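Residue strings, one per chain:
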Amino acid sequence: MRLLDNWAISMGLLDNGKQSRAGRLLWRAGVGAAFLMAFVHLVDHITGGMPLDNLHGFVLPKFDKVEKVFKKNFHDGWEREGASIAVYHKGELVVDLSGGWMDKSAGRKWTEETRTVVFSTTKAVGAMCVALLVDRGHLKYSDLMVDFWPEFGQNGKENITIDWVMSHRAGLAAFDAPIDLEAALDHERMAEIIAKQTPNWEPGTKHGYHALTYGWLVDQIVRRADPLHRGVGQYFREEIAQKHNIDFHLGLPPSEEHTVSRLTLPSTAHLLKEIVHDPRVLIVLAIFHLRPPGSIGRKVRENPQWFKLEQEVNTFNAPELHQIEQVAALGITKARDLGRLFALFLRGDIVNKEMIKLFAEPQIDEGIDQVVMVPMPKGHGFLYERHPLLGRKWLVGHPGYGGSTVMMDTEEEVVIAYVSNGLKTGMGELTRTYRLLRNAVFECIQRDKNI
């Protein structure tokens, strides 16, 4: 910086007198801002976009801005692989767009039949299955787990309710017993592991995101509450997907593996791009990588070992994992079907429409989540985010790692379903591509109201 000061003085741009201290500070601030802008432009140039030459689908004219944003996400380099968005408004499909690459490394373009792993967006489907069991009178959210699973009550778990499990208050975010792939495929073995587990904290006193264990817990709830004792994958398939012709898989048939897009993580340059445009991404990185040994967050990340999301190893691309019925992270679908599923849910075609009111607002919207260490509004198996135009209003659904998201406005009857295989660093609100598309949807609706 002193070198730059001397150069500025020699050029007559800066006075060398004592009275110019404020001028020096302004000069240095200007130089710093210029370097930052140059750095941002350099990163943007390195991560430059690609032409979207295979855009599929349609938008209704009043949602034209959504199409513009979708294209711009590719043009500006935010979508480096492929993506799809579907929007339903009052039961009508008003946006259905897709394009890009389903596997850029193999030169395979995204088609209207491309499916994608949607990570934790899958949890919203688990929440729907439990809601359906409640709606049919097979259980209540207030029921104790031990009422239909006595063995569960070991080691201080006797007071845990269905509600505590679904709202991440059960203290079962991490399991002590190693979960190998063989155990994950054996629901009886998983039942033993869960029954013997001691809670990570006193149940009901705190909340912490059950990132992966949610899937095995919900599966056990469904098996015990369903009169036919089906697992969550079979229950969803037979009671919801087949009845409503929904292409959403909890356990993908091997014959359909060729339709699944390849997931990629951001390069260092793309990661820098995310950080310089939204420094909140640094918080996400800290949550993922700077947790001390022995912390719940570290335990969640390290067990099971076969769930890997790294540049060198990304097991979420493994066909063997795609066949697992894991309702926490391994749902595979298209945006169109994901959106339609929750449009039917909102309309009262899956559960009683009166029940939807129960999900309009979070049960928990205060305090720090014990796993992710930031506030995380949640309830009944769903996560929540604030409406972009009406700040006191909630959207309900579930985001997934890397950006895939489904969110509902229960009053306006809007469903936004977004999926992408070019993973971003965060999820939900921190995913720029989704956030811009979501905002455009509600801006279009508001514009139409003002005409």
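Since we're looking at a predicted model, the values are computed, not measured. (Residues numbered from 1 in each chain as written. Predicted model: local features only at pLDDT ≥ 70, side-chain atom pairs only at ≥ 80, totals over all residues. Heavy atoms only, no water.)

1. Things to note about the overall build of the protein
Here comes step 1: Along the protein, the regular secondary structure elements total 16 helices and 12 strands.
Here comes step 2: For the protein, the residues scored as buried account for 56% of the 451 residues in total.
Here comes step 3: Considering only intrachain contacts with a sequence separation of at least 6, the fraction spanning at least 24 residues in the protein is 69%.
Here comes step 4: With an accessible surface of roughly 19,600 Å², the protein has 55% of that area assigned to carbon and sulfur atoms. (Helix = DSSP H or I, 4+ residues; strand = E, 2+ residues; numbered from the N terminus. Buried < 20%, exposed > 50% of the residue type's maximum accessible area, 1.4 Å probe, protein only. Contact = heavy atoms within 4.5 Å. Areas by Shrake-Rupley, 256 points an atom, 1.4 Å probe, with all protein chains shown as cover.)

2. Re the nonpolar core
Here comes step 1: Residues Phe342, Phe345 and Phe382 are the most contacted members of the largest nonpolar core, which totals 92 residues.
Here comes step 2: Here the element with the most residues in this core is helix H4 (residues 123–135); it accounts for 10 residues.
Here comes step 3: With residues near it in sequence (within four places) discarded, phenylalanine 342 still touches Ala124, Val125, Met128, Phe382, Val406, Met408 and Val415.
Here comes step 4: Core analysis: the next-biggest nonpolar cluster, separate from the first, contains 24 residues, Val59, Val66, Phe70 and Val441 among them. (Core = buried A, V, L, I, M, F, W, Y, C linked by side-chain atoms within 4.5 Å.)

3. Here we look at H4
Within an α-helix, residues lying three or four positions from one another point in the same direction, as the helix has 3.6 residues per turn.
Here comes step 1: For H4, built from 13 residues, the straight-helix expectation of 18 Å at 1.5 Å per residue is met to within 8% by its first-to-last C-alpha distance of 18 Å.
Here comes step 2: For H4, the tally of buried residues reaches 12 of 13 residues, placing the bulk of the element in the interior.
Here comes step 3: Count one or two residues on from H4 and you reach glycine 137, which has phi positive near 85°. (Expected span 1.5 Å × (residues − 1).)

4. Section: the pairing of strand S2 (residues 82–89)
Here comes step 1: For S2, a buried count of 8 out of 8 residues is recorded, marking the element as mostly surrounded by other parts of the structure.
Here comes step 2: Here S2 shows no split at all, with Gly82, Ser84, Ala86 and Tyr88 on one side and Ala83, Ile85, Val87 and His89 on the other all buried.
Here comes step 3: Across 8 bridges, S2 lies against strand S3 (residues 92–103) in antiparallel orientation. If you follow tyrosine 88 over to S3, its bridge partner there is leucine 93.
Here comes step 4: Here S2 folds back onto S3 in antiparallel fashion, the turn holding 2 residues, of which lysine 90 has a positive phi close to 55°. (Pairing = 2+ DSSP bridges.)

5. Quick word on the sheet that holds strand S6 (residues 248–249)
Here comes step 1: Taking strand neighbours across the sheet as the criterion, the 3 strands line up as S5-S7-S6 in an open arrangement whose pairing is antiparallel. For this open sheet the edge positions go to strand S5 (116–117) and S6, each flanked by a neighbour on one side alone.

6. Some remarks on unusual backbone geometry
Residues apart from glycine generally show negative phi values, whereas peptide bonds are mostly found in trans.
Here comes step 1: Put simply, asparagine 303 and proline 304 share a cis peptide bond, and its omega is 10°.
Here comes step 2: One non-glycine residue, histidine 380, lies in positive phi territory at about 55°.

7. Topic: the pairing of strand S9 (residues 382–386)
Here comes step 1: Across the 5 residues that make up S9, a large majority, 4, are buried.
Here comes step 2: Bridge count for strand S8 (residues 378–379) against S9 is 2 bridges, and the pairing is antiparallel. Looking across to S9, one finds that lysine 378 is bridged to leucine 383.
Here comes step 3: In terms of strand pairing, S9 meets strand S10 (residues 394–399) through 4 bridges, oriented antiparallel. Bridge assignment links glutamate 385 to a residue of S10, and that residue is leucine 395.

8. Some remarks on the environment of valine 284
Here comes step 1: Here valine 284 lies in helix H11 (residues 281–289).
Here comes step 2: With 90 residues separating them in the primary sequence, valine 284 and valine 374 have C-alpha atoms 9.7 Å apart.
Here comes step 3: Residues within four places of valine 284 in sequence aside, it is in contact with Thr425, Gly426 and Leu430.

9. Details of the side chain of glutamate 385
Here comes step 1: Counting through the fold element by element, glutamate 385 comes out in strand S9.
Here comes step 2: Within the structure, the side chain of glutamate 385 is placed 3.0 Å from the side chain of arginine 438, a separation counted as a polar contact.
Here comes step 3: In contact with glutamate 385, other than residues within four places in its own chain, are Lys393, Trp394, Leu395, Met407, Gly428, Glu429, Tyr434 and Arg438. (Polar contact = N/O pair within 3.5 Å; in protein donor to acceptor, adjacent residues only side chain to side chain.)

10. Some points on the packing of aromatic side chains
Here comes step 1: Under the defined criterion, the tally for this structure stands at 14 aromatic pairs.
Here comes step 2: Pairing phenylalanine 307 with phenylalanine 316 gives two aromatic rings, centres 5.0 Å apart and planes at 15°, and the pair type is stacked.
Here comes step 3: Note on phenylalanine 307: relative accessible area 7%, which makes it buried.
Here comes step 4: The buried category is assigned to phenylalanine 316, whose relative accessible area is 6%.
Here comes step 5: If you follow lysine 157 out to its NZ or CZ, it ends over the ring of phenylalanine 152, 5.3 Å from the centre.
Here comes step 6: In this structure, arginine 386 packs its charged tip against the face of tryptophan 394, placed 3.7 Å from the ring centre. (Phe/Tyr/Trp six-rings, centres within 6.5 Å; stacked < 30°, edge-to-face > 60°. Lys NZ or Arg CZ within 6 Å of the ring centre and 35° of its normal.)

11. Topic: the packing of H4 against helix H14 (residues 335–347)
Here comes step 1: Look at H4 against H14: their axes get within 12 Å of each other, and the N-to-C directions meet at 30°. Where H4 crosses over H14, the handedness of that crossing is left-handed. Judged by residue contacts, Ala124, Val125 and Met128 of H4 engage Leu341, Phe342 and Phe345 from H14.
Here comes step 2: Looking at side-chain class alone, the contact of H4 with H14 contains 6 nonpolar, no polar and no charged residues. (Axes fitted to C-alpha atoms, helices over the stretch in contact; angles between N-to-C directions. Left-handed = near helix turned anticlockwise from the far one by under 90°. Nonpolar A, V, L, I, M, F, W, Y, C, P; charged D, E, K, R; others polar.)

12. Quick notes on the pattern of salt bridges
When the charged atoms of two side chains with opposite charge come close together, those side chains can pair.
Here comes step 1: For the coordinates displayed, the defined rule picks out 33 salt bridges.
Here comes step 2: Here glutamate 302 ties to arginine 298 by a salt bridge, and the two come within 3.6 Å at their closest N and O atoms. Of the two residues, glutamate 302 and arginine 298 both sit in helix H12 (residues 296–302), 4 residues apart, roughly one turn of that helix.
Here comes step 3: Overall, arginine 298 belongs to the partly exposed group, its relative accessible area being 21%.
Here comes step 4: Here glutamate 429 ties to arginine 438 by a salt bridge, and the two come within 2.7 Å at their closest N and O atoms. (Salt bridge = Lys/Arg side-chain N within 4 Å of Asp/Glu carboxyl O.)

By themselves, these figures tell us nothing about what the structure is for.
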